[in-house]
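# Architecture at a glance
Listed here are the chains, written in short residue letters.
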Protein chains: 2
Amino acid sequence: MPVDAQRRSGRPRTSSREEVSEIALRLFVRRGFEQTTLQDVADAVGVSKRTLLRYFPSKNDIVWGAFDEQLQALRARLADADPTRPMMDVLREAVVAFNDYGEAVLPELRDRMTLITSVPALQAHSMLRYADWCAVIAEFVARRLSLEPDHQFPQVIASAALGTAMATYRCWVVDPDLDLLAALDEAFRLLAAGFDAQALGAGRPAHAGSRGASRAR
Amino acid sequence: MPVDAQRRSGRPRTSSREEVSEIALRLFVRRGFEQTTLQDVADAVGVSKRTLLRYFPSKNDIVWGAFDEQLQALRARLADADPTRPMMDVLREAVVAFNDYGEAVLPELRDRMTLITSVPALQAHSMLRYADWCAVIAEFVARRLSLEPDHQFPQVIASAALGTAMATYRCWVVDPDLDLLAALDEAFRLLAAGFDAQALGAGRPAHAGSRGASRAR
DNA sequence: CATGTTTCGTCACCCGGTGTCAAATTAAAT
DNA sequence: ATTTAATTTGACACCGGGTGACGAAACATG
């Protein structure tokens, strides 16, 4: 069970989670997710189908790399945030930082997200993975509003935030020129301010900021 | 293919979509969704497994009754709305009306939503069904903002609206005393006004309206 | 009765996923 | 060096959801 904790004894692993994930991702992108069977992946990696399903709980989960660890970082960041700062500011900056991978792994991230947003099975499965994300946000909002996480307000705000992030992801996947971080920043500012004000000002606001090199650190 | 278009000739159906949906729902609630196999449902209805999958494209879809027709009504309502009225007002009222089923079918709706929000497979599948819902909202918002439906703003607003509705549903499922329509009304007012203002007024706003008999017509 | 039309059931099949168990491979203890 | 414990692996059987194909059943019409 320990990923790489000090190896005590026993037969060593012939492959790693990362290796499986990488090879599988390549196959999925090339030949399509549904067209690629688990046996194909197993053959490509050089292990049995059974071993594959010991590394990942399902075929869908192979596409999601190490998502849980990222989530822990997000939770920690939200917990350590300055309590005097506005809630939605903290949330926005945390979400942006949460998605600030390096330039190097960006193409891989795009591959993953392209699959997740386009393949129906993965699109559906994403709801389960994002539920954890949502719970982290709800927990933070609940603490700020002195409510319980199950209450309506934290749940609504967290779910709306999730929708905002997902929609932004979808746009980023389609448009290669879009800066993900800047787009997230803009979307969450919109969410904080309310969509009604947006509708009133019929002319669209400063949208120039969503493209280009602004990293929104 | 025609659900009940004038029957010309041929062998008559031994069952209907509604009958299958009702019987299956009862079984799912009683014995659990995953514990109930398609063969069980087929036996209970009195047809073969193959026939079941001709009525519904998948086991998951059985739980969703006629959702598409409701969606058409929502689209029509949004299309016919007064263009001079505020966008988020129209949206809020349409969503509330969309969920205004009669008192009679309310327990059945609760059963469906309880399954959808608690069973992981259905929770995941809901993303696919709600994607259509989301597209309808995005189409409306895009028209109002003179943008294309694929653009970032309509997508973000529609997804945030979806999250808002879903979270409210979840709360309603858990709390039997909650008035679904009033809760939706309140949540969408929050979404329109922005969550930031909410956080600033540390004291919670008039929450008394979310319980009781207000039907928000 | 003959014909076309529509629905139904059966069968075979694929794939994702689980449980089981023995074999393989290593470190550590004797 | 041999045994022992620990760990991973692969093979196998199995289940359930879902699809394709095909013939049979049940109707309306002529």
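What counts as what
- Residues numbered from 1 in each chain as written.
- Chains lettered and ligands numbered in written order.
- Predicted model: local features only at pLDDT ≥ 70, side-chain atom pairs only at ≥ 80, totals over all residues.
- Heavy atoms only, no water.
- Contact = heavy atoms within 4.5 Å.
- Buried area = accessible area lost by both parts, 1.4 Å probe.
- Salt bridge = Lys/Arg side-chain N within 4 Å of Asp/Glu carboxyl O.
- Polar contact = N/O pair within 3.5 Å; in protein donor to acceptor, adjacent residues only side chain to side chain.
- Helix = DSSP H or I, 4+ residues; strand = E, 2+ residues; numbered from the N terminus.
- Phe/Tyr/Trp six-rings, centres within 6.5 Å; stacked < 30°, edge-to-face > 60°.
- Buried < 20%, exposed > 50% of the residue type's maximum accessible area, 1.4 Å probe, protein only.
- Least-squares fit on C-alpha atoms with pLDDT ≥ 70 in both.
- Near = heavy atom within 4 Å.
- Nonpolar A, V, L, I, M, F, W, Y, C, P; charged D, E, K, R; others polar.

### Considerations on the interface of chain A and chain B
Chain A puts 44 residues into the contact, and the matching count from chain B is 43 residues. Taking both sides of the interface into account, the surface hidden between chain A and chain B amounts to around 3700 Å²; carbon and sulfur atoms contribute 71%. Among the residues of chain A in contact with chain B, Gln152, Phe153 and Phe195 of chain A are the three that bury the most area, contributing 18% of the side total. Counting every contact that joins chain A to chain B gives 0 salt bridges. Summed over the shared surface of chain A and chain B, the number is 6 residue pairs in polar contact (both at pLDDT 80 or more). Those elements giving two or more residues to the side of chain A that touches chain B turn out to be helix 6 (87–98), helix 8 (120–145), helix 9 (152–174), helix 10 (180–193) and helix 11 (195–200) of chain A. Ranked by the residues each element gives to the side of chain A that touches chain B, the list is headed by helix 9 of chain A, at 14 residues.

### Digging into the packing of aromatic side chains
The description of an aromatic ring pair uses the distance of the two centres, along with the angle that the planes make with each other. Residue and element names in this part refer to chain B. Applying the stated criterion to the full structure yields 12 aromatic pairs over all chains. Between the aromatic rings of Trp64 and Phe67, the centroid separation amounts to 5.1 Å while the plane-to-plane angle is 75°, which identifies the pairing as edge-to-face. Overall, the relative accessible area of 5% leaves Trp64 in the buried class. On the basis of relative accessibility, which here comes to 11%, the residue Phe67 falls in the buried class. Pairing Phe67 with Phe98 gives two aromatic rings, centres 6.4 Å apart and planes at 80°, and the pair type is edge-to-face. Note that Phe67 is positioned in helix 5 (residues 67–80) and Phe98 in helix 6 (residues 87–98), a separation of 31 residues in sequence. Taken individually, Phe67 and Phe98 each receive the classification buried, so the pair is uniform in this respect.

### Quick notes on the relation of the copies chain A and chain B
Here the second copy of the chain follows from the first by a rotation about an axis and a shift along it. Between chain A and chain B, which share one sequence, the superposing operator has a rotation angle of 180° and an axial displacement of 0.0 Å; the RMSD is 0.0 Å. On the angle and the small slide along the axis, the relation comes out as a two-fold axis. Of every C-alpha in chain A, the one belonging to Gly194 of chain A sits nearest the axis of rotation, 1.7 Å from it. Here 98% of the contact residues of chain A are again contact residues in chain B; the copies associate through an equivalent surface.

### Concerning the pattern of salt bridges
Residues and elements named next belong to chain A. A full pass over the atoms with the stated rule returns 20 salt bridges over all chains. Here Asp61 ties to Arg129 by a salt bridge, and the two come within 3.0 Å at their closest N and O atoms. Remark: Arg129 occurs in helix 8 and Asp61 occurs in helix 4 (residues 59–63); sequence separation between them is 68 residues. Judged on exposure class, the residue Asp61 and its partner Arg129 are both buried. Three or more residues joined by partner-sharing salt bridges are found here, namely Asp89, Arg92, Asp185 and Arg189.

### Looking at the protein's contact with DNA strand C
Around DNA strand C there are 26 residues in total, and Arg8, Thr37 and Lys59 of chain A together with Thr51 and Arg54 of chain B lie nearest to it. The separation between a phosphate oxygen of DNA strand C and a polar main-chain atom of Lys59 of chain A is 2.7 Å. Put simply, the parts of the chain that give the surface near DNA strand C at least two residues each are helix 3 (49–55) of chain A together with helix 3 (49–55) of chain B. Ranked by the residues each element gives to the surface near DNA strand C, the list is headed by helix 3 of chain B, at 4 residues. Its residues placed into classes, the surface near DNA strand C shows 6 nonpolar, 11 polar and 9 charged.

### Some details on the side chain of His125 of chain A
Locating His125 of chain A in the fold gives a position in helix 8. The contact partners of His125 of chain A, leaving out residues within four places of it in the chain, are Ser58, Asn60, Asp61 and Trp64 of chain A together with Ala124 of chain B.

### Observations concerning the protein's contact with DNA strand D
Looking at DNA strand D, there are 27 residues lining it, with Thr51 and Arg54 of chain A together with Gly10, Thr37 and Lys59 of chain B nearest. Taking the atoms of DNA strand D that fall within 4 Å of the protein, sugar and phosphate contribute 62% of them. Contact distances for DNA strand D include 3.0 Å between a base oxygen and a backbone N or O atom of Gly10 of chain B. In the environment of DNA strand D, a phosphate oxygen lies 3.1 Å from a nitrogen or oxygen atom belonging to the backbone of Leu38 of chain B. Within the residue set of the surface near DNA strand D, elements represented by two or more residues are helix 3 of chain A together with helix 3 of chain B. Here the surface near DNA strand D gets 4 residues from one element, more than from any other, and that element is helix 3 of chain A. Looking at the surface near DNA strand D, its residues break down into 7 nonpolar, 11 polar and 9 charged.

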